[in-house]
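Residue strings, one per chain:
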Amino acid sequence: MATMLDSETKPDTRAQIRVEDVEYQRQDGKAMLARLYRPAGTGPFPAVVQVHGGAWVNKDRTDNDFISRAFAESGILVASLDFRMPPDAAYPGSLADINLGVRWLKARARTYNSRPDWIGMMGTSSGGHQVLLAAMRPEDPRYAALPLADAPGTDARVAFVISGWGVLDPLLRYHLAKKAGNNELLENHHAFWGTEAAMSEGSIPAILDRGEKVFLPPALILGGDVDEWVPLDTMQRTVAGWKKAGGEVELELYKGANHGFMTGKPDAPYARPAIERMKQFIRKHTG
């Protein structure tokens, strides 16, 4: 299943990293790819499964390329996933793909000069929401539904999770989009979630408020303090709930920054500090 696509292999001698696409699963005969950003050297390297944003329905594994490259250049392996989105699959299809992607990378960690216990997740916007959801529910039967034939005993628990401007509360964002008259966002919510009940079921702060039994790896939540889709009090509520449930969590805020303040913008004012903050967090939780 882990087929290397030679035509997509891109050596990057300038950065001393290697970028290559690998098939991590097949769905209905279609290859689902992980873009690997491999550091130079022998490791062992911390590793990150990267989950792209795009309001749950857009973009692909090339999103956040500059972040993935910065990680790899500093000795952090990245596997940036493609996953099913509407119309191919609505919730929880993408969570099943992400769960499988984590297990796939853990099973091959040593092949890529990493360690299974040094693998975490990072995502932005809707990806920042999905990495938290996947990290909290690694054994949810819906999320763990896809078999990994060559490593059936591998679990999807991660060493850490990073949510960059994650849409922590999909139901709140839905109501905010309604208020703003943003029909495109509303349609994205309808396509992925279907119902408001599903949005609530997948809301990070609501899960914590309900006292669900969840796995809580060390978490870093970062975002702008004027995010129009993820209000500051939602971030604070999530952090408080994570801590109350016994988890370790850090909140990093960037003054005056809005949603997606560095999406596709490597030269944005807060881009470099945010990348350094994420790298520091990864190092802290990987030996």
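Throughout this document, residue positions are counted from 1 along each chain, in the order its sequence is written. At least 70 in pLDDT is required for a residue's local features to be given in this predicted model, at least 80 for side-chain atom pairs to be given and counted, and no such filter applies to totals for whole chains, interfaces and linings, which use all residues. Only hydrogens and water are removed before side-chain values are computed, so all heavy atoms of the structure are retained for them.

Enquirer: Any chance you could break down the overall build of the chain for me, citing the residues and the numbers?
Expert: When helices and strands are counted, the chain shows nine helices and nine strands. Atoms counted for the radius of gyration: C-alpha only. Globule rule: 2.2 Å times residue count to the power 0.38. Taken over the C-alpha trace, the chain has a radius of gyration of 18 Å; the compact-globule value for 287 residues is 19 Å, and the two agree within 12%. When its C-alpha atoms are laid out on the principal axes, the chain stretches across 50 × 40 × 35 Å. The cut-offs for exposure are 20% and 50% of the maximum accessible area for each residue type, with area from a 1.4 Å probe on protein chains only; residues under the lower value are buried, those over the upper are exposed, and the others partly exposed. The 287 residues of the chain split such that 59% are buried. We call two residues in contact whenever any of their non-hydrogen atoms come within 4.5 Å of each other. Within the chain, contacts between residues at least 6 apart in sequence are counted, and of these 74% link residues at least 24 apart. When the accessible surface of the chain is summed, it comes to about 11600 Å², and 50% of that surface belongs to carbon and sulfur atoms. Positive charges come from Lys and Arg, negative ones from Asp and Glu, while His and the chain ends are left out of the count. To locate a charge, the coordinates of NZ of Lys, CZ of Arg, CG of Asp or CD of Glu are taken. Side chains of the chain give 34 positive and 35 negative charges; the mean places of these two sets differ by 4 Å. Labels follow the DSSP assignment, with helices taken as runs of H or I lasting at least four residues and strands as runs of E lasting at least two, numbered in each case from the N terminus. Reported accessibility uses the Shrake-Rupley method at a 1.4 Å probe radius. Residues are deemed covered only where the shown protein chains occlude them.

Enquirer: Give me the lowdown on the pairing of strand β2 (residues 17–27), citing residues and values where you can.
Expert: In terms of burial, β2 is a largely internal element, nine of the 11 residues being buried. Count of turn residues in the β2/strand β3 (residues 30–39) antiparallel hairpin: two residues, of which Asp28 carries a positive phi of about 55°. DSSP-based pairing: two strands are paired if at least 2 bridges between them are found.

Enquirer: Give a description of the pattern of salt bridges that names residues and reports values.
Expert: Oppositely charged side chains can form a pair if their charged atoms are brought close together. For this document, the term salt bridge refers to a Lys or Arg side-chain nitrogen within 4 Å of an Asp or Glu carboxyl oxygen. Scanning the model with the defined rule gives 26 salt bridges in all. A salt bridge links Arg277 to Glu252; the nearest nitrogen and oxygen atoms lie 2.9 Å apart. Here Arg277 is found in helix α9 (residues 271–284), whereas its partner Glu252 is found in strand β9 (residues 249–254), with 25 residues between them in sequence. Overlapping salt bridges bring together Arg137, Asp140, Arg142, Glu201, Arg210 and Glu212 as one network.

Enquirer: Lay out the layout of surface pockets in plain terms, naming residues and giving numbers.
Expert: Here a cavity denotes grid points, spaced 1 Å and computed from the protein atoms alone, that fit a 1.4 Å probe unable to get out, and a pocket denotes an open set having protein on both sides within 12 Å along at least 5 of 7 lines; residues with an atom within 4 Å of a point are the lining. Grid points are joined across faces, edges and corners, and a volume is the space filled by probe spheres set on the points. Within this model, the largest pocket holds a volume of roughly 210 Å³. Lining the largest pocket are 13 residues, and of these Lys30, Met32, Phe83, Arg84 and Asp88 sit closest to its centre. In terms of residues, the lining of the largest pocket owes the most to one element, β3, which gives three residues. Following the grouping adopted for this structure description, the nonpolar residues are Ala, Val, Leu, Ile, Met, Phe, Trp, Tyr, Cys and Pro, the charged ones are Asp, Glu, Lys and Arg, and the polar ones are all others, Gly among them. The class makeup of the residues in the lining of the largest pocket is four nonpolar, two polar and seven charged.

Enquirer: Tell me what's going on with the side chain of Ser94, and back it up with residues and numbers.
Expert: Within the secondary structure, Ser94 sits in helix α2 (residues 93–107). Those residues within four positions of Ser94 in sequence are excluded, and the remaining contacts are Phe83, Arg84, Gln130 and Phe192.

Enquirer: How would you summarise the nonpolar core if you had to cite specific residues and measurements?
Expert: Among soluble globular proteins, nonpolar side chains are generally buried collectively. Buried residues of nine kinds, namely Ala, Val, Leu, Ile, Met, Phe, Trp, Tyr and Cys, make up a nonpolar core once their side-chain atoms join them within 4.5 Å. Core analysis: the largest hydrophobic core is formed by 65 residues, its most contacted members being Trp104, Leu105, Met121, Val161 and Trp242. For this core, the element with the highest residue contribution is α2, accounting for seven residues. Apart from the residues within four sequence positions on either side, Trp242 is in contact with Leu132, Met136, Val161, Leu208, Leu216, Pro217, Ala219, Gly247, Glu248 and Val249. Listed in part, the 29 residues of the second largest apolar core include Val19, Val48, Met122 and Ala271.

Enquirer: Give me the environment of Gln236: which residues, what numbers.
Expert: Take Gln236: it is sitting in helix α8 (residues 232–244). Residue classification places Gln236 among the partly exposed positions, given a relative accessible area of 40%. Considered as a pair, Gln236 and Pro205 are 31 residues apart in the sequence and their alpha carbons are 9.4 Å apart.

Enquirer: Pulling in residues and values, what's your account of the side chain of His189?
Expert: If you trace the backbone, His189 turns up in helix α5 (residues 183–193). Apart from residues lying up to four places away in sequence, His189 is in contact with Trp56, Pro170, Arg173, Tyr174, Gly194 and Met199.

Enquirer: Residues and numbers for the packing of aromatic side chains, please.
Expert: Stacked, edge-to-face and tilted are the three classes for Phe, Tyr and Trp ring pairs, Trp counted by its six-membered ring, which pair at centre distances within 6.5 Å; planes under 30 degrees apart are stacked, over 60 edge-to-face, the rest tilted. The tally for this structure, following the rule as stated, stands at 13 aromatic pairs. Arranged with centres 6.2 Å apart and planes meeting at 45°, the rings of Trp104 and Tyr112 form a pair that is tilted. Both residues of the pair, Trp104 and Tyr112, count as buried. An aromatic cluster is present here, built from Trp56, Tyr91, Tyr143, Phe192 and Trp193 joined pairwise through their rings. Lysine NZ or arginine CZ positioned within 6 Å of the ring centre and within 35 degrees of the ring normal marks a charge as sitting over the ring. Its guanidinium or amino end placed over the ring of Phe215, Arg157 lies 4.4 Å from that ring's centre, counting from NZ or CZ.

Enquirer: With reference to specific residues and values, describe the packing of helix α1 (residues 65–73) against α9.
Expert: Every axis in this analysis is a line fitted to C-alpha atoms, fitted for helices over the stretch in contact. Angles between the N-to-C directions lie between 0 and 180 degrees. For the pair α1 and α9, interaxial distance at closest approach is 11 Å and the crossing angle is 50°. Put simply, α1 runs oblique to α9. Note on packing geometry: the crossing formed by α1 with α9 is right-handed. On the side of α1, the interface is formed by Phe66, Ile67, Ala70 and Phe71, while α9 contributes Ala271, Ile275, Met278, Lys279 and Ile282. Partitioning the contact of α1 with α9 into residue classes produces eight nonpolar, no polar and one charged. For classification, angles of less than 35 degrees are called roughly parallel, those exceeding 145 degrees roughly antiparallel, those between 65 and 115 degrees roughly perpendicular, and all remaining angles oblique. Crossing chirality is assigned from the near helix's rotation relative to the far helix, an anticlockwise turn below a right angle marking it left-handed and a clockwise turn marking it right-handed.

Remember that the coordinates give geometry; whether it matters functionally is a separate question.
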